[in-house]
Amino acid sequence: MDSGVRAEEDEASGADANTDAGADSATEKDADGASERETDAGTDTETETDTDASSTDEEPKAPAATDEKPNVPAAADEKPEKPDAPAAADETSAADAPAGQTDASPEQADGPSGRPGWWGWRLKYPRAARAVTVGTTALAGVLVLFALLVPNQLDRLAPDAFLRIPVEGVLLAGLLLVLPPRPRRIAAVVVGLFLGLVTILKFVDMGFYSVLARPFDLVLDWILFDDAAEWVKESFGETGEVVAVIAVLALVVILLALMTLAVVRLSDLMARHRPVATRTVLVLGTAWITCVTVGVQFTDVPVASQINAELVKNRVHQVRAGLRDGKVFAEQASVDAFADTPPDQLLTGLRGKDVLFTFIESYGRTAIDDPAMADQVGSVLSEGTKSLKAAGFASRSAWLRSPVTGAGSWLAHSTFLSGLWIKNQQRYRSLTTSDRHTLTSYFRKSGAWRTVGIVPGVRRAWPEGKFFGLDHIYDSEHLGYHGPYFSWTPVPDQFSLEAFERLEHGKKDRKPMMAEIILASSHNPWAPVAHMIDWNDLGDGSVFEQIKKEGKDPKEVWKNPESVRTEYRHAIEYSLHSLIEYVERYGDKNTVLVFLGDHQPVPTVTAGSSSRDVPVTIVAHDPKVLDRISDWGWTDGLKPVKNAPEWRMDTFRDRFMTAYGSRPGTSGATSAR
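Residues numbered from 1 in each chain as written. Predicted model: local features only at pLDDT ≥ 70, side-chain atom pairs only at ≥ 80, totals over all residues. Heavy atoms only, no water.

### Some points on the overall build of the chain
1) Next: A count of helical and extended segments in the chain gives 27 helices and 13 strands.
2) Next: When the 673 residues of the chain are sorted by exposure, 46% land in the buried category.
3) Next: Carbon and sulfur atoms provide 58% of the accessible area of the chain, an area that totals close to 33000 Å². (Helix = DSSP H or I, 4+ residues; strand = E, 2+ residues; numbered from the N terminus. Buried < 20%, exposed > 50% of the residue type's maximum accessible area, 1.4 Å probe, protein only. Areas by Shrake-Rupley, 256 points an atom, 1.4 Å probe, with all protein chains shown as cover.)

Right, here's the structure in full:
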């Protein structure tokens, strides 16, 4: 009787704090069969429940509501407001309910109608409520297990990866079991957030391994997200970029929230069933130790997993190495063998020559060695060797090992030109803000060459260009191109080379020239790809409008790895044809061409190859130019043989300068490698 009065008074006054607490407890009791409080209190809770039920049977609530009506405030002076009617109806229906439900109803009012659950559905559909509870708990367990076992590389994502025992899960479960209720809830939230962050890191790693064949660097790689967004924009449009960014942000928020809720739910479940949970943790811990000791494996995958512990440990080492790397690089950059060499003693063996350093985007060893494309690309190189020989040119080729793979062209370019191993963005920034000389800036320092840059991939301000010692830079906006973009590529290679001839190389009465030329048509995503046309028909580039329409859609190409590999091959063939035909058409007795790839293509194309080699070739009309590198062991022709010399890319600068007449200064010293 008193219990009913208090419940009605609480509802009328709005003081529902105790009511909410009772509702939660009763809801969990109805849905799960037992609450954490029942686990701790044992039979006392059951005794109280029985007593309440008996009291309810003896005194139904409907008469009680009638007797107590004069006690309701303002009942004598004012007419009851309309909202009171539904409340009375609820109480009446509660009086007609079974004893157990009648007892729970006044303490569980958490919905608009005063009934528990979502508008009372838990009491109305107890079996469905039970199914939802069990299903939600099962999904929470699956989500946590997925987070603990999912690898950070797509090629390792297989069913056997999830048939393991995660030691991190066993240890965390044990920790949550021994903590008191309040610290346990806090720990569960922290563990959920941390597990969510680790899962996000694994997803990011999947992307980095797919493109760069390495994991994400927590210190140095944040800037690459801007480049990724730019690539999506150029490949799939501005709408595609916006959708991708929103999707990624939404995934991060949802994953963190779901992972936290999942861990909290499982923690509460273990606390309510502490004996069973304790035995399960002990069994799994023993099984994990046994599997580690015996070396149990399933399809070559260890059953005892510690993938997350290794991931965190590796990231800690990575962060420490990244923080130390700046100091290490500064020491390396301070050593330059030619820093004190007088200008008139630099590159004396190339005086009077036009030297063209040309990078072909993504031109890697795969293009030459992979059986799926070796014949076609090899044919282009073989035919090119013959046609250049007929024009009076000879060539030598070898391999260089790039500091990057998949992407990061600017890191490879700066490695080749600076003689330093530029493997990350931090080193690149340190280099381009230093006073170190590059291969191109030494040409300028000598005073014997005009230095220019043809960089069609640059579409915005490029202040680093001054660091590389270029007298003039032609970006995509200053080549006279008025045709369409080819996906990421702003200007087709054939047009870029023709523009170089028109703007610089073809001028009369000029001084010898050193040029850095970037050929970007072979840049990912390799669709659509331009094709060769008559050089006289290039005009302002408008002719490429129809060529682009005839090309393939990158979204369609990337649905099939084999299509990606095929279009990559076509792009490399186009770049090679453009360069070879340019030399045949515009080269002369003073032309010296050094062309190379900057890095291997993405793993989708390399098909699992771990090689970072790229081809490098020197082409010259004057035999004396190639005679100076006769001791390098490079092979004849545009195609390097498999066993041709392989150098680190950062060693090329000093070897090239030495071969062509530069002598180390008196205070310089060769850095140890």
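### Brief notes about unusual backbone geometry
1) Next: That bond from N524 to P525 is cis: its omega, 25°, falls within 30 degrees of zero.
2) Next: Considering the arrangement of structural elements, one finds P525 in the loop between β9 (513-519) and α22 (544-550).
3) Next: Here the bond from A527 into P528 is cis, since omega is -10°, no more than 30 degrees from zero.
4) Next: Summarising the element assignment, P528 is placed in the loop between β9 and α22.
5) Next: Not every positive phi belongs to a glycine, and L347 is a case in point at roughly 50°.

### Details of empty space enclosed by the protein
1) Next: Taken as a whole and assessed by the stated rule, the structure comprises three cavities of 30 Å³ or more.
2) Next: Taken as a whole, the largest cavity encloses approximately 70 Å³ of empty space.
3) Next: Lining the largest cavity we find 14 residues, and of these F486, T489, S521, P528 and V529 sit closest to its centre.
4) Next: Residue classes in the lining of the largest cavity are distributed as nine nonpolar, five polar and no charged.
5) Next: Quantified by volume, the second largest cavity comes out at close to 40 Å³.
6) Next: What lines the second largest cavity is L388, L579, I580, V583, L593, F595 and L638. (1 Å grid on protein atoms, 1.4 Å probe; cavity = no way out; pocket = protein on both sides within 12 Å on 5 of 7 lines; lining within 4 Å. Points joined across faces, edges and corners; volume = space filled by probe spheres on them. Nonpolar A, V, L, I, M, F, W, Y, C, P; charged D, E, K, R; others polar.)

### What to know about the packing of aromatic side chains
1) Next: Overall, the coordinates contain 29 aromatic pairs when judged by the stated rule.
2) Next: With a centroid separation of 5.8 Å and an interplanar angle of 70°, the aromatic rings of F357 and F443 are classed as edge-to-face. Of the two residues, F357 is situated in strand β5 (residues 354-360) and F443 in helix α19 (residues 439-446); the sequence distance between them amounts to 86 residues.
3) Next: Note on F357: relative accessible area 0%, which makes it buried.
4) Next: A relative accessible area of 0% means that F443 is categorised as buried.
5) Next: Note on W526 and Y568: the rings are 5.2 Å apart at their centroids and 75° apart in plane angle, and the pair reads as edge-to-face. Residue W526 is located in the loop between β9 and α22, and its partner Y568 is located in helix α24 (residues 561-586); the two are separated by 42 residues in the primary sequence.
6) Next: These aromatic residues form a ring-pair network of at least three members: F357, F359, F416, F443, W449, W632, W634, W647, F652, F656 and Y660.
7) Next: Sitting over the face of the ring of W421, R648 holds its NZ or CZ atom 4.1 Å from the ring centroid. (Phe/Tyr/Trp six-rings, centres within 6.5 Å; stacked < 30°, edge-to-face > 60°. Lys NZ or Arg CZ within 6 Å of the ring centre and 35° of its normal.)

### What about a nonpolar patch on the surface?
1) Next: On the surface, F194, V312 and V316 cluster together into a nonpolar patch covering about 240 Å² of accessible area.
2) Next: Topologically, V316 is positioned in helix α14 (residues 307-333). (Patch = residues over 30% accessible without salt bridge, like charges linked within 9 Å, V, L, I, M, F, W, Y side chains within 5 Å. Salt bridge = Lys/Arg side-chain N within 4 Å of Asp/Glu carboxyl O.)

### What about the environment of D613?
1) Next: Note that D613 resides in strand β11 (residues 613-620).
2) Next: For the pair formed by D613 and P403, sequence separation is 210 residues and the distance between their alpha carbons is 9.3 Å.
3) Next: With residues up to four places along the chain from it excluded, the contact list for D613 reads G364, R365, W399, L400, R401, Q600 and E646.
4) Next: Within the local environment of D613, its side chain forms a polar contact with the side chain of R365, the two groups lying 2.8 Å apart. (Contact = heavy atoms within 4.5 Å. Polar contact = N/O pair within 3.5 Å; in protein donor to acceptor, adjacent residues only side chain to side chain.)

### Quick look at the pattern of salt bridges
Opposite charge on two side chains makes pairing possible when the charged atoms of those side chains draw close.
1) Next: Counting across every chain of the model gives 22 salt bridges.
2) Next: Within this structure, R184, R185 and D268 form a network of salt bridges that share partners.

### A look at helix α21 (residues 493-505)
1) Next: Among the 13 residues in α21, twelve count as buried, and that is most of the element.
2) Next: Those residues of α21 lying buried are D493, Q494, F495, S496, L497, E498, A499, F500, E501, L503, E504 and H505.

### Comments concerning the side chain of R315
1) Next: Tracing the chain through its elements places R315 in helix α14.
2) Next: Given the relative accessible area of 7%, R315 is considered buried.
3) Next: A polar contact of 3.3 Å, which involves the side chain of R315, links it to the backbone oxygen of F216.
4) Next: Once you skip the residues sitting within four places of it in the chain, R315 turns out to touch L201, D205, P215, F216 and L218.

### Looking at the packing of helix α11 (residues 181-212) against α14
1) Next: At a closest axis distance of 12 Å, the pairing of α11 and α14 adopts a crossing angle of 75°. Between α11 and α14, the angle is such that the two are roughly perpendicular. Contacts from F194, V198, L201, K202 and D205 of α11 reach α14 at I307, N308, L311, V312 and R315.
2) Next: The residue inventory of the contact of α11 with α14, partitioned by class, reads six nonpolar, one polar and three charged. (Axes fitted to C-alpha atoms, helices over the stretch in contact; angles between N-to-C directions. Parallel < 35°, antiparallel > 145°, perpendicular 65-115°, else oblique.)

### Observations concerning the environment of T405
1) Next: Relative to the assigned elements, T405 resides in the loop between β6 (394-401) and α17 (409-418).
2) Next: You can call T405 buried: its relative accessible area is 8%.
3) Next: Distance from T405 to P603, taken between C-alpha atoms, is 8.7 Å for residues 198 residues apart in sequence.
4) Next: Once you skip the residues sitting within four places of it in the chain, T405 turns out to touch V211, L212, A213, H599, Q600, P601 and R612.

### Remarks on the confidence of the model for the chain
1) Next: Scored by pLDDT, the chain has a mean of 82; 81% of the residues are at 70 or more.
2) Next: Counting contacts from residues 1-114, a segment whose pLDDT is below 50, to residues more than four positions away or on other chains yields 87 contacts.
3) Next: Here residues 667-673 is a poorly scored stretch, pLDDT under 50, and it has 13 contacts once near neighbours within four places are set aside; other chains count. (pLDDT = per-residue confidence, 0-100.)

### Considering the pairing of strand β10 (residues 591-597)
1) Next: Burial runs high along β10: seven of the seven residues are buried.
2) Next: Of the two faces of β10, the one carrying T591, L593, F595 and G597 and the one carrying V592, V594 and L596 are both buried.
3) Next: As judged from the seven bridges shared by β5 and β10, these two strands associate in the parallel manner. Each residue of the ladder has a partner; that of L356, found in β10, is L593.
4) Next: As paired elements, β10 and β11 share five bridges and run antiparallel to each other. Bridging from a neighbouring strand, L596 pairs with V616 of β11. (Pairing = 2+ DSSP bridges.)

### Observations regarding the nonpolar core
1) Next: Ranked by internal contacts, the top residues of the largest apolar core, which has 56 residues, are Y363, F500, F544, L576 and F595.
2) Next: Considering every element that reaches this core, the biggest residue donor is α24, with eleven residues.
3) Next: In this structure, F595 is in contact with T358, I360, Y363, L576, L579, P615, V616, T617, V619 and L638, ignoring residues within four places of it in sequence. (Core = buried A, V, L, I, M, F, W, Y, C linked by side-chain atoms within 4.5 Å.)

### Let's talk about the side chain of R427
1) Next: As for its position among the elements, R427 is in helix α18 (residues 425-432).
2) Next: In this structure R427 comes out as buried when scored by relative accessible area, which is 4%.
3) Next: Within the structure, the side chain of R427 is placed 2.7 Å from the backbone oxygen of W421, a separation counted as a polar contact.
4) Next: Excluding its chain neighbours within four sequence positions, the residues that come into contact with R427 are D325, V328, F329, Q332, W421 and I422.

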